[in-house]
Amino acid sequence: MAYLLLDAAICIFGLFFIGYPLTRLSHAIKGAERLAWALILGICATIVFVRTINSLAAIDKAVPFIAVAIAGWLAYHWRKKTLRDLCIGDLRALNLIMSLCWFTALMLLVIALNFPVLKHHALVFEASPNHDAIYYITNARWMLGHSFDETVTYSANEPLFWISRLFFGEAPPLGRVGAEGLLAFVSALTGQDPLVHFQAMQAVATIAGAAVSALLLPRPIAALIIRPTLSGLLIVMSVVFAPAFMQIAINSSFANAYGIVIMTAFVLISLRTSTRGLDILQPLLFAGVLATYPELSPIGLVVIGGALLFELILRSQSYREVFARGMRALAAVVIAVIALPWISTIALMALKYVYFAASTQGNSWPDPYVGLDPLQLPLAVFTTSRSLASIVPGAFNILIAAILCLAFARSVRRSRDTALSLGITLALIVFLGYIFYKDFNYGKLKIIEYFSLFLAPSLIVTCGFTVTDAGRNKLDKLVPYVALLGLVCVNVGASYLLLKQGMQTADKKYIAKDFVDTVKAADNLPGYHYLAARFTTEPFFYSMWVSYFSHEPVVFSKYFGTGGYMQPFTDAHPAAPYDTAPTAIVDEGAFSSSMFGAKVLGRYGRFLLLDQRNSSQLSSTNLYANEGDWSWMGKQLVLDISGDNARFVNLTLSNRFAPEGATEKILITIDSRHCEFLGSTTSNKLSFAIPEGPHHQVTIVPMGRAVSPSILGQSNDDRILTYQVSKLALSTDATFQPVTCGSAP
């Protein structure tokens, strides 16, 4: 953890010094807020610059030039005493106590989000069902050795690069790799693998997100966090622990996080800049959006349009001023598109793919809000999780909404910042209406994440703290505090539940030194050989990471299934079948349950390196992920057995899901032989004799109904479930009473 924090701190300071001179280019950036803007502008400028250089050369080859250019930029600007004095003055304007509050809150957030690093010494981890981290890290690794236009070609020795084929080449559909370029640049400077810096750079994005959320606060409210006050402390907690942005970090949505930070900054600078002339930072920030996550650009433009509309309605600006502000935002878009065609043309392809291809793939992802009543739904949406909404009564949601409305109604003065919050609300309603009007799918779920940095500041504005009239009565002073306290409770409660759930997942999905040592040991074995990957816990996750570290061709079992992340390792893999690989990397569960007779070449923490040339292997189909020492099976369980060392396959079927009685018939098929037996829906201990020969298949089919929890209204789990399977293993002698099947009639 100390290394991660140090790594993140060095990156933040470096990006700060790059970005601070840019803050002087805009009249919209004033006072101590330059300190927060410096980090955001440093991130954006570095991303655009590195992405531009990568269009011409691999980052590893270009890093001396990039480093010299950045050093020249720093030397030219920071040699000026006026800039140094301005920075020192901004630092002196900060209140020590409130600065410590911000620092403490951000450190708690970073440590909480990276708890597996502290607990397991993890190099990288996934806290959600996604496998996104390996995409970003592999893309960064590709950029180190290749220019952007180089097409990714399949290689048996480096199969994992094949997952980057959508991101690189002359016309890639998802060529938004600005954040990965930043990661690759940091890796090139240190001479280390991008994996080493991934979690630290994720922390940088998280801290930058908190910074831009604080900048979204209206300046009268921002004044409350300059000095130590109760309201200031509550605002800090509400901003830092905003659950919607925390969800992005939990999902390892690396590029998404950086894109949202830059997009939010573009919206803010477009609405706060003066009406005379174009702010030079607007095209730069929009170029950063296009390079990092271009599908955010329509979101940002709709927010700007909504805010300008409410400026007209509230008459905080004249029609001519509002029109000029809108035209400047559009001019910034045009300038960024024309000036950087190597970024903008690729961004247009990504927009087409995301909004007209990926988002029309149907209802392939489960709706996380299914089963919630209408009173619980708003809380679930705004916290991007059903966890808190399923616990809190709907009446609490009504109470919080009522207090917020009362606080907002008692605010007697409106400003341009109020127009921004109302514009954000309008844009959010438009996109949320799109989510619930259309069939739910993954592409539309992302929309709520796109608004993540806007939500907490907008709700704080709703609390009514824009009123600075000292003559307010006690009720006018009390209601904002009650509303803000309720908002803090919602944010902190949702964040706690998200973290708790995420860390439970991360305990099963993390890469540490033991895993890396196992793969290195396999690579160091004498001779050229295929390497098999076999894991019972999170097989996709660990199998892909074997490919990341291995320099030998990696072979995957066909029984992992096809499509998605594993497709390049199953459908088109030119290597030998899984069971012909001489060596294998497995976890303890795979070794004890699905392999028999293999020789252990080495033990490395959770993992083993095996010689499996004289062994039997067991693969399963329709067996879901481990849930402790057991797994659910689907409508049927298919066991494929290779090798002739084992004589029996043993397992326990127990705790039938949705049983129709105390017993049911179970059909057993071993190759071409069939039989039925009357089994218990509570517990069945079974052993099946394996015939002689190198390959066999055992099929187990419960004859009763097979349904999912979602069909019964118990949860949003749409898996078809029957029995809990445990103690699955091969052996020479029967562990339980053997079940004998005769020939088919």
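Residues numbered from 1 in each chain as written. Predicted model: local features only at pLDDT ≥ 70, side-chain atom pairs only at ≥ 80, totals over all residues. Heavy atoms only, no water.

**Student:** Honestly, the packing of aromatic side chains in this entry has me stumped. Any pointers?
**Tutor:** Each aromatic ring pair is summarised here by two numbers: the centre-to-centre distance and the angle between the ring planes. Inspection of every chain in the model, using the stated rule, returns 24 aromatic pairs. With 6.2 Å between their ring centres and 65 degrees between their planes, phenylalanine 515 and phenylalanine 549 make a pair best called edge-to-face. Note that phenylalanine 515 is positioned in helix α25 (residues 513-523) and phenylalanine 549 in helix α26 (residues 539-549), a separation of 34 residues in sequence. The same class applies to phenylalanine 515 as to phenylalanine 549, namely buried. Taken together, the ring pairs connect Phe515, Phe541, Tyr542, Trp545, Tyr548, Phe549 and Phe607 into an aromatic cluster. Positioned above the aromatic ring of phenylalanine 148, the side-chain terminus of arginine 51 is 3.8 Å from the ring centre. (Phe/Tyr/Trp six-rings, centres within 6.5 Å; stacked < 30°, edge-to-face > 60°. Helix = DSSP H or I, 4+ residues; strand = E, 2+ residues; numbered from the N terminus. Buried < 20%, exposed > 50% of the residue type's maximum accessible area, 1.4 Å probe, protein only. Lys NZ or Arg CZ within 6 Å of the ring centre and 35° of its normal.)

**Student:** Just checking my understanding: could you explain the nonpolar core for this structure?
**Tutor:** The nonpolar side chains of a soluble globular protein tend to be buried with one another. Core analysis: the biggest nonpolar cluster contains 172 residues, and Ile43, Tyr258, Phe451, Phe515 and Trp545 have the highest contact counts within it. With 15 residues, helix α9 (residues 194-216) is the largest single contributor of residues to this core. Setting aside residues no more than four positions away along its own chain, isoleucine 43 makes contact with Leu15, Leu182, Val204, Ala208, Tyr258 and Ile262. The next biggest cluster of nonpolar side chains, apart from the first, holds 24 residues, and it includes Ile641, Ala646, Leu651 and Ile690. (Core = buried A, V, L, I, M, F, W, Y, C linked by side-chain atoms within 4.5 Å. Contact = heavy atoms within 4.5 Å.)

**Student:** Mind showing me how you'd approach the pattern of salt bridges here?
**Tutor:** For side chains bearing opposite charge, pairing can occur when the charged atoms are close. Tallying each qualifying case throughout the model produces 8 salt bridges. Measuring nitrogen to oxygen at the nearest pair gives 2.9 Å for the salt bridge that ties aspartate 514 to arginine 606. Taken together, the residues aspartate 514 in helix α25 and arginine 606 in the loop between β7 (599-604) and β8 (607-611) connect sequence positions 92 residues apart. Overall, arginine 606 belongs to the partly exposed group, its relative accessible area being 24%. For arginine 656, the salt bridge identified is with glutamate 664, shortest N-O distance 2.6 Å. Comparing arginine 656 with glutamate 664, the two get one shared label, buried. (Salt bridge = Lys/Arg side-chain N within 4 Å of Asp/Glu carboxyl O.)

**Student:** It is not clear to me how the environment of threonine 418 should be interpreted in this structure. Could you clarify?
**Tutor:** Within the element layout of this structure, threonine 418 appears in helix α21 (residues 416-437). Taking relative accessible area as the criterion, threonine 418 reaches 1% and is therefore assigned buried. Measuring from C-alpha to C-alpha, the distance between threonine 418 and phenylalanine 310 comes to 8.6 Å, with 108 residues separating the pair along the chain.

**Student:** Which parts of the structure should I look at to understand the packing of helix α2 (residues 33-54) against helix α8 (residues 178-190)?
**Tutor:** Working note: a packed helix pair is described by the angle between its axes plus the distance between those axes. Interhelical geometry of α2 versus α8 gives an angle of 90 degrees and a closest axis separation of 8 Å. As judged from the angle between their axes, α2 and α8 are roughly perpendicular. Between α2, through Ile43, Thr46, Ile47 and Val50, and α8, the contact on the second element is made entirely by Gly178, Ala179, Gly181, Leu182 and Phe185. When its residues are assigned to classes, the contact of α2 with α8 shows 6 nonpolar, 3 polar and no charged. (Axes fitted to C-alpha atoms, helices over the stretch in contact; angles between N-to-C directions. Parallel < 35°, antiparallel > 145°, perpendicular 65-115°, else oblique. Nonpolar A, V, L, I, M, F, W, Y, C, P; charged D, E, K, R; others polar.)

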